[in-house]
Amino acid sequence: MSLEPGELRSRLRALLGADGLLTEPADLAPYLTDHRRLYQGAALAVARPGSVEEVARVLALCNTHRVGVVPHGGNTGYCGGATPDESGRQLVLALSRLNRIRSVDADNDSLIAEAGCTLARVQAAAAAAERFFPLSLGSEGTCQLGGNLSTNAGGTNVLRYGMARNLTLGLEVVLADGRILEGLSVLRKDNTGYDVKSLFLGAEGTLGVITAASVKLFPMIRSRASAFIAVAGVRAASALLTRMRSASSDRVSSFELIPRSALELVLRHIPGSTDPLDRAYPWYVLCELTGSGEADGLDALLEQSLAAALTDGAILDAALARSGPQQDAFWGIRDSIPEAQRREGAGIKHDIALPVGKLADFMDLAVAWVATHVPEGRLVAYGHAGDGNLHFNISAVTPAAGAALLARTEAVRRAIHDLVRQFGGSFSAEHGIGRLKVGELERYTSPVELSLMQAMKRVLDPNHIMNPGKVLRQP
Ligand code: MLT
Ligand code: ZN
């Protein structure tokens, strides 16, 4: 069944045209490594189909000849899910030419977009129709909708609107054998058997290729009130979340935890960043209330709630954004933490989720464990505290300590993830599995659940051509 690489390339070129296939090493290079540079792969070629039918023909050909296919969006993932392996026998399938907004239906609050649209483009298309698409991530200018859905991305609005899965009404998917699942429903209610689309959300391209999606829209956000709040610790932050949700009639849309260590990295590495407060505090929360009315009075509400919290000793200090640029500056700090941490040097990343009510108890133990067992590292644990999701990252204390820290990655990861497990948490909250966490999935997933995943893989991709070795180990 197998074809010579040269023969496969000429068949693909015949299907896609010369522009639809990249084979020159310089053209392939950007597709062969991941955003974090954890993996350096090789590939037969990069296919750039311009239509769903072309995707279908490419998959049918690859299925017949047992060629592994690695779907590739904006390449902003953290787990190597879009990078081919080192064999040079896999085909990268870039979705970037499938980039049309097919329709926007403001009355139905829905939008249909192709997988290669950047997230920012989907947000803008919704805004042009006076609607709001709430998925929001630091990489939204680059990441693509197909990748967002394939990894079930989270981001900073999950607290109010849910993850990518919750925002999806329907999918168009090309299956491994080239059949097209035409499931772009825009219905909110549709109880017709199994929820098949759900299988492809978060599957990271291992069961089929998402080529388009129908997603939910919401009333336009017309008022935003944001504050950068100093708190004593994670317990105080969790208590503040409960307090702010009830004080605002549940209009908290983002509640991001930022430790002093993260703010210092941003101040050191990101030009133009400034400390929003006059003095240093151990922890901060970036809290944002949003509403769909122009005159929701959110600024006054936030100010009054924080004044009361300060009087009660529930918070230590707060800066309120008085303008759009000030809000952008607060978000600039939050969104540039990953980049600041990258510039700082070596580090270990975790993407954990805990029940919100257990976050503080977990942190008590985890912070103490890092302090005792990881002298080469400094904890930079930040993230979506409102969702119970922290990026429990550890940066090397000095450049010289980087190698020693990285050499201990496995042991540190194991200890943190085991502790997360004891608290009923997840080792992968929003970044997925990719290639990086295949072993973790095997370790922490029950045998019954794992065997169901393997069974689904066998049914949908019996020849194991879809993103081989990602999520599940290649048999
Ligand atoms: C974030 O919330 O900034 C991202 O998920 C990335 C990260 O792990 O740093
Ligand atoms: Zn995150």
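Caption draft 1: Region of interest: the nonpolar core. Counting 48 residues, the largest nonpolar core has I229, F255, F362 and F392 as the members making the most contacts within it. The leading source of residues in this core is helix α13 (residues 359-373), at six residues. Dropping the residues within four chain positions of it, F392 is found in contact with I348, H350, I352, F362, M363, A366, V367, V370, L379, V380, A381 and I416. One finds L135, A153, Y161 and L460 within the second-largest nonpolar core, a separate group that totals 31 residues.

Caption draft 2: How the structure looks around the coordination of the zinc ion (ligand 2). All of the protein donors around the zinc ion (ligand 2) are H384 (NE2), H391 (NE2) and E430 (OE); their distances to the metal are 1.9 to 2.2 Å. Ordering the donors of the zinc ion (ligand 2) by residue number gives the pattern H-x6-H-x38-E. With H391 in strand β19 (residues 389-396) and E430 in the loop between α15 (409-422) and α16 (438-444), the pair connects residues that are 39 residues apart, well separated along the chain. On the accessibility criterion, H391 (4% relative accessible area) is buried.

Caption draft 3: How the structure looks around the state of the cysteines. Taken as a whole and assessed by the stated rule, the structure comprises zero disulfides. No disulfide involves C117; its nearest neighbouring cysteine sulfur is the one of C143, lying 12 Å away.

Caption draft 4: A look at helix α3 (residues 52-64). Taking 1.5 Å of rise per residue, 13 residues should cover 18 Å, and α3 covers 18 Å from first to last C-alpha, within 8% of that figure. Of the residues making up α3, those classed as buried are V52, E54, V55, A56, V58, L59, L61, C62 and N63. After α3 finishes, the residue R66 shows a positive phi value of roughly 55 degrees.

Caption draft 5: Representation of the site of ligand 1 within the structure. What surrounds ligand 1 is the set Y78, R334, P338, K349, Y382, H384, H391, E430 and H431. Between R334 and ligand 1, the recorded distance is 2.6 Å, taken from a side-chain N or O atom to an oxygen atom. At a separation of 3.3 Å, an oxygen atom of ligand 1 approaches a polar side-chain atom of K349. Taking 270 Å² as the accessible area of ligand 1 by itself, protein coverage stands at 86%. Within the shell around ligand 1, the residues separate by chemical class into three nonpolar, three polar and three charged.

Calculation rules
Residues numbered from 1 in each chain as written. Chains lettered and ligands numbered in written order. Predicted model: local features only at pLDDT ≥ 70, side-chain atom pairs only at ≥ 80, totals over all residues. Heavy atoms only, no water. Core = buried A, V, L, I, M, F, W, Y, C linked by side-chain atoms within 4.5 Å. Buried < 20%, exposed > 50% of the residue type's maximum accessible area, 1.4 Å probe, protein only. Helix = DSSP H or I, 4+ residues; strand = E, 2+ residues; numbered from the N terminus. Contact = heavy atoms within 4.5 Å. Donors = N, O, S within 2.8 Å, 3.2 Å for Na, K, Ca; no water. Disulfide = S-S within 2.5 Å. Expected span 1.5 Å × (residues − 1). Near = heavy atom within 4 Å. Polar contact = N/O pair within 3.5 Å; in protein donor to acceptor, adjacent residues only side chain to side chain. Areas by Shrake-Rupley, 256 points an atom, 1.4 Å probe, with all protein chains shown as cover. Nonpolar A, V, L, I, M, F, W, Y, C, P; charged D, E, K, R; others polar.

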